[in-house]
Amino acid sequence: MRRRAADYRRPVRRRLSCWIWSLLGIFTIAGFVLFVVHHHHDHEDHVEQPILESVSRNEQVVHERLNLTQDMSSVNSYARQLAEQMTLAKAYIIIAKEHNNLHLAWELSSKIRSCQFLLSKAAMKEEPIPLDEAEPIIRSLSSLILKAQDAHYDIATTMMTMKSHIQALEERANAASVQSMMFGQLTAESLPKNLHCLELKLMADWLTRKSLQDFADERRNSPRLVDNNLYHFCIFSDNLVAVSVVINSTVANADHPKQLIFHIVTDSIHYGLMQAWFLNNDFKGSTVEVQNIDNFAWLNSSYSPAVKQLLAADSRKYYFDGSMDTSVEPKFRNPKYIYLLNHLRFYIPEIYPQLEKIVFLDDDVVVQKDLTPLFSLDLHGNVNGAVETCLEAFHRYYKYLNFSNPLISSKFDPQACGWAFGMNVFDLIAWRKANVTARYHYWIEQNDDRTIWKLGTLPPGLLAFYGMTEPLDRRWHVLGLGYDANVDNRLIESAAVIHFNGNMKPWLKLGISRYRPLWERYVNQTHPYLQDCATH
């Protein structure tokens, strides 16, 4: 077969090549167009998504109100910028006034008021501060702060000035705190007018009614007062109504109130009125004895170092001196700590030499359950049965005593658990055997310079009864109702004795209102004297 000429074949190949390149060009253009269109749609999706998210967020803001405090924690918050500039402006106001630049101080004060207005409006509306409102104030405040810096109120000057003002404010705050504590202490030591009225009426009865005094003499030698088959309680106080509440609440919750004997010791001022009250009122058949501390001739400075210290001129000056030493806390100067009635708890075996077991009650407690089971508790040879208070670290021995004193650090464990006075059962046979009163005297003598402890009867009690205290179930004695407004209701309800320790006593206006009904229910409001005095 004859081959075609070469010049004939070449033109055909060129035509095919052109078609191929044309098709490739078309596909390339089509691919490019598709790419552009697809990219355009992707771009629109990305644009639309933030817009939708923004709208969603705006809708969420409408439904969820702004928390200004959280908003101010954000670095991009206008509220935070305003607050920070306001703080700096306040510092420059102080410096400007010291340099007598009153006009600058006035301008800064004006802008600060604008800041405060914006912040308060945002807080009330619970909405963020808009840019159009925040920006002018931020700019003008920044301008004024720069102006203050140009006036040579540099950072170093600002820091020194602020440091001196902070120190002055701290001194004022400390002085105010001391003054507040003093006023609180004075209030706690005072007697309400209506109770003072009651005492005056009762004293008048005692002085004018000879029959009352004769009746008191007859009951003084009652055999019930020394009968160890009965249940004996002692209370040392000069507060008539408080003691009456303790006795009322105890007999009201006792299974056999006629078997209860109450031994009260008070001072000569209150002896007559207490006799008049307890002789004229019945306490469900229980026996109430009232004694005058001034009749304890044996309790003198020769026998008791406590009495010697309490009568010392420097002690009386320390507690009664009107001069103010801010280095000493006001509570350390409370005269009640040199009141001999507070120290009688260490002389119970001497006061009641024929008794074998007794329960000591403070005058600021309320009894809610029968206490006679206390007398059958096994103290395991210990002298003092008490509720421990070391559930919190504060009530360890090292918090009450000075362990830098070698006499203390060598004899006592700083982590030993503290306990509470206010409801204690004492085994007087074990007390006499261990001669606890002599131990108390020893530590009183060692603390003549007040370097081992500063105040109160609990620290010497911790020392004198160390190793001789039997821990009781916590429900026997719940404390804190005279200072803590958040005592658990379950604890209060389960407690045999609740204790209003602290300055907020229930008979005072500053008493915690939540607890006051627990105390008031045992006040005999129907008594004509109390009704009459309630109007005074």
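As a reminder, the structure under discussion sits directly above these lines.
Worth saying up front: this structure is predicted, and the values here are computed from it rather than measured.

**Comments concerning the packing of helix α7 (residues 193-208) against helix α8 (residues 210-219)**
Now for step 1: Direction vectors running N to C along α7 and α8 enclose 80°, while the axes themselves pass 5 Å from each other. By the angle between their axes, α7 is roughly perpendicular relative to α8. Residues Asp-205, Trp-206, Leu-207 and Thr-208 of α7 touch α8, and the partners they reach there are Lys-210, Leu-212, Gln-213 and Ala-216.
Now for step 2: Partitioning the contact of α7 with α8 into residue classes produces 4 nonpolar, 2 polar and 2 charged.

**Points about the environment of Trp-519**
Now for step 1: Its location among the elements puts Trp-519 in helix α21 (residues 516-520).
Now for step 2: Taking the C-alpha atoms as reference points, Trp-519 and Asp-364, 155 residues apart in sequence, are found 9.2 Å from one another.
Now for step 3: Sequence-distant contacts of Trp-519, defined by excluding residues within four places in its chain, comprise Val-241, Ala-242, Val-245, Val-366, Phe-500, Pro-506 and Trp-507.

**A look at empty space enclosed by the protein**
Now for step 1: Counted according to the given criterion, the structure contains 1 cavity of 30 Å³ or more.
Now for step 2: Contributing to the lining of the largest cavity are Val-241, Ser-244, Val-245, Trp-277, Tyr-522, Val-523, Asn-524 and Leu-530.
Now for step 3: When residues in the lining of the largest cavity are grouped by element, the largest group, 3 residues, is from helix α9 (residues 240-252).
Now for step 4: Looking at the lining of the largest cavity residue by residue, the class counts come to 6 nonpolar, 2 polar and no charged.

**Observations concerning the side chain of Asp-363**
Now for step 1: Counting through the fold element by element, Asp-363 comes out in the loop between β4 (357-361) and β5 (365-367).
Now for step 2: A distance of 2.6 Å separates the side chain of Asp-363 from the side chain of Ser-237, its partner in a polar contact.
Now for step 3: Sequence-distant contacts of Asp-363, defined by excluding residues within four places in its chain, comprise Ile-235, Ser-237, Asn-239, Ala-242, Val-243, Val-246 and Trp-507.

**A short note on the pattern of salt bridges**
Now for step 1: Overall, the coordinates contain 11 salt bridges when judged by the stated rule.
Now for step 2: For Asp-362, the salt bridge goes to Arg-345, with nearest N and O atoms at 3.6 Å. Within this pair, whereas Asp-362 is found in the loop between β4 and β5, its partner Arg-345 is found in the loop between α13 (340-343) and α14 (348-351), the two being separated by 17 residues in sequence.
Now for step 3: Residue Asp-362 is classed as buried on the basis of its relative accessible area, which comes to 14%.
Now for step 4: Arg-345 sits in the buried class, given a relative accessible area of 7%.
Now for step 5: Between Arg-490 and Asp-488 there is a salt bridge, with the nearest N and O atoms lying 2.9 Å from each other.

**Here's the deal with the state of the cysteines**
Two cysteines form a disulfide when their sulfur atoms are joined by a covalent bond.
Now for step 1: Tallied over the full model, the rule gives 2 disulfides.
Now for step 2: The disulfide that involves Cys-197 links it to Cys-533, with 2.1 Å between the sulfurs. Between Cys-197 and Cys-533 the disulfide shows an S-S torsion of about -70°. By sign, it is left-handed. Of this pair, Cys-197 sits in helix α7 while Cys-533 sits in helix α22 (residues 528-533), and the two are 336 residues apart along the sequence. Of the two residues, Cys-197 and Cys-533, neither departs from the other in class, the shared state being buried.

**Some words on the pairing of strand β1 (residues 231-236)**
Now for step 1: The buried fraction of β1 is high, at 5 of 6 residues.
Now for step 2: With 6 bridges connecting them, β1 and strand β2 (residues 260-266) associate as parallel partners. Within β2, the position partnered with Phe-236 by the bridge is Val-265.
Now for step 3: Between β1 and its parallel partner β2, the chain crosses via α9, and the hand of that crossover is right-handed.
Now for step 4: Here 2 bridges tie β1 to β4, and the two strands are oriented parallel to one another. Each residue of the ladder has a partner; that of Phe-233, found in β4, is Val-359.

**A short note on the packing of α7 against helix α10 (residues 268-280)**
Geometrically, a packed helix pair is captured by the angle between its two axes and the distance between the axes.
Now for step 1: At a minimum axis separation of 8 Å, α7 and α10 run at an interaxial angle of 85°. One element, α7, and the other, α10, form an angle in the roughly perpendicular class. Packed against α7, whose contacting residues are Leu-198, Glu-199, Leu-202, Met-203 and Trp-206, the element α10 presents Ile-269, His-270, Tyr-271, Gly-272, Leu-273, Gln-275, Ala-276, Trp-277 and Leu-279 at the interface.

The rules we used
Residues numbered from 1 in each chain as written. Predicted model: local features only at pLDDT ≥ 70, side-chain atom pairs only at ≥ 80, totals over all residues. Heavy atoms only, no water. Axes fitted to C-alpha atoms, helices over the stretch in contact; angles between N-to-C directions. Helix = DSSP H or I, 4+ residues; strand = E, 2+ residues; numbered from the N terminus. Parallel < 35°, antiparallel > 145°, perpendicular 65-115°, else oblique. Contact = heavy atoms within 4.5 Å. Nonpolar A, V, L, I, M, F, W, Y, C, P; charged D, E, K, R; others polar. 1 Å grid on protein atoms, 1.4 Å probe; cavity = no way out; pocket = protein on both sides within 12 Å on 5 of 7 lines; lining within 4 Å. Points joined across faces, edges and corners; volume = space filled by probe spheres on them. Polar contact = N/O pair within 3.5 Å; in protein donor to acceptor, adjacent residues only side chain to side chain. Salt bridge = Lys/Arg side-chain N within 4 Å of Asp/Glu carboxyl O. Buried < 20%, exposed > 50% of the residue type's maximum accessible area, 1.4 Å probe, protein only. Disulfide = S-S within 2.5 Å. Pairing = 2+ DSSP bridges. Right-handed = clockwise from strand over helix to strand, strands pointing away.

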